[in-house]
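Overview (structure and organization)
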Amino acid sequence: MRKPLLAGNWKMYTTVQEAKELASAVVGAAAKVSGRDVMIAPPYTALAAVGSVLAGSSGVLLGAQNVHWEEEGAFTGEISAAMLRDVGCAMAIVGHSERRHVFGETDFMINSRIKGGLQSGLIPVFCIGETLKQREAGNTLKVLEDQVRAGLAGVEVTDGSRLVVAYEPVWAIGTGKTATEAQAQEVHAFIRSLLADMYEKNIAAGIRILYGGSVKPENIDILMQQDDIDGALVGGAALKAESFERIICFQKTAY
Ligand code: PGA
């Protein structure tokens with residue numbers, strides 16, 4: 001019912017040439033499997049070039065690492081959904097923990113970005129996650145609930161496939177520490193119940209919830225076996241063609 005989504009977040013890495021080469025390798029890898037979506041999010045400077053590599057029948061989706069809510073205007077340093085659509089983007093990551101914690105993005109900004117993206121036909125990949133301090137204080141579910149309710153306030157979803165949520169515990173991003181599959185499943189099930197409270201049950205059932213935070217070839221299979229884990233948002237391991245290929249080609253015994 002929910003098509004798995006394997007998404008690569010390239011962050012602030014790759015020249016245009018490196019991006020084109022990596023994108024070609026991802027196209028080759030994605031052609032080896034079916035029944036799953038693959039998305040890559042290069043830096044803005046490489047979007048157009050990677051868009052050309054993916055154009056046509058590659059089946060690999062192009063994503064941006066953020067999106068502004070206005071179509072155009074005096075917003076130095078920002079990029080609009082219309083501009084992203086223009087170079088072939090289908091998705092945009094919103095609310096990544098680095099945007100929240102390094103650049104001070106607020107729930108209000110994230111909510112606006114989600115609305116702007118949706119309005120222009122982009123699928124937002126809405127990231128949420130607790131810090132280590134919040135987890136240790138026993139506040140994980142409360143923090144996530146606040147982030148979900150604030151990020152999606154006033155956001156209408158009539159088709160679950162038009163929204164993706166990514167659960168990325170901040171303590172697991174780029175640290176080599178992964179949540180156990182049981183920890184991740186528990187949180188994913190909670191997020192889905194929250195979505196079912198906010199939207200109709202069948203819509204919540206169609207929203208993909210990705211796990212992110214040190215996803216690698218060694219842990220993708222076990223993560224994907226969990227009922228409410230519908231894919232992965234991958235940072236470091238998405239920058240190497242072989243490891244991202246292994247992630248795309250995950251094995252799940254039954255779905
Ligand atoms: P990581 O990053 O896979 O390197 O931990 C994930 C992310 O930031 O989306």
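Please refer to the structure placed before this passage.
Only a predicted model underlies this, so the values are computations on that prediction, with no experimental measurement involved.

What to know about the site of the ligand
Among the 13 residues in the neighbourhood of the ligand, the closest are listed as K11, H96, E168, G174 and S214. A distance of 2.7 Å is found between an oxygen atom of the ligand and a side-chain nitrogen or oxygen belonging to H96. In the model, an oxygen atom of the ligand is placed 2.9 Å from a nitrogen or oxygen of the G236 main chain. A class-by-class count of the residues in the shell around the ligand yields 4 nonpolar, 7 polar and 2 charged.

Points about the packing of aromatic side chains
Here the structure, examined in full by the defined rule, presents 1 aromatic pair. Between the NZ or CZ atom of R36 and the centre of the ring of F250, over which it lies, the distance is 4.0 Å. R99 extends its terminal NZ or CZ atom over the ring of F103, reaching a point 4.1 Å from the ring centre.

Topic: unusual backbone geometry
Note: most peptide bonds trans; most residues except glycine with negative phi. Despite not being glycine, K11 shows a phi value in the positive range, around 50 degrees. The residue K11 is located in the loop between strand 1 (5-9) and helix 1 (16-30) in this model. At T14, a position not held by glycine, the phi torsion is positive, near 85 degrees. Along the chain, the position of T14 falls in the loop between strand 1 and helix 1.

Remarks on the pattern of salt bridges
Side chains that differ in charge, positive against negative, can pair when their charged atoms come close. Inspection of every chain in the model, using the stated rule, returns 16 salt bridges. Of the charged contacts, one joins D37 and R208 as a salt bridge, the two residues approaching to 2.8 Å between their closest N and O atoms. Taken together, the residues span a long stretch of sequence, with D37 in strand 2 (residues 37-41) and R208 in strand 7 (residues 208-212) at a distance of 171 residues. Grouping residues by exposure puts D37 and R208 together as buried. Where R100 meets D107, a salt bridge forms, and the shortest distance between an N and an O atom there is 3.1 Å. You can call R100 buried: its relative accessible area is 12%. For D107, a relative accessible area of 30% corresponds to the partly exposed category. Linked through salt bridges whose partners overlap, the residues forming this network are R2, R192, D228 and D230.

Quick look at helix 5 (residues 107-119)
For an α-helix the count is 3.6 residues per turn, leaving residues at separations of three or four pointing the same way. With 13 residues, helix 5 extends 18 Å between its outermost C-alpha atoms, agreeing within 8% with the 18 Å of an ideal straight helix rising 1.5 Å per residue. Restricting attention to buried positions, one finds in helix 5 the residues I110, N111, S112, R113, I114, G116 and G117. Downstream of helix 5 by one or two residues, G121 has phi in the positive range, about 90 degrees.

Rules used throughout
- Residues numbered from 1 in each chain as written.
- Predicted model: local features only at pLDDT ≥ 70, side-chain atom pairs only at ≥ 80, totals over all residues.
- Heavy atoms only, no water.
- Near = heavy atom within 4 Å.
- Polar contact = N/O pair within 3.5 Å; in protein donor to acceptor, adjacent residues only side chain to side chain.
- Nonpolar A, V, L, I, M, F, W, Y, C, P; charged D, E, K, R; others polar.
- Phe/Tyr/Trp six-rings, centres within 6.5 Å; stacked < 30°, edge-to-face > 60°.
- Lys NZ or Arg CZ within 6 Å of the ring centre and 35° of its normal.
- Helix = DSSP H or I, 4+ residues; strand = E, 2+ residues; numbered from the N terminus.
- Salt bridge = Lys/Arg side-chain N within 4 Å of Asp/Glu carboxyl O.
- Buried < 20%, exposed > 50% of the residue type's maximum accessible area, 1.4 Å probe, protein only.
- Expected span 1.5 Å × (residues − 1).

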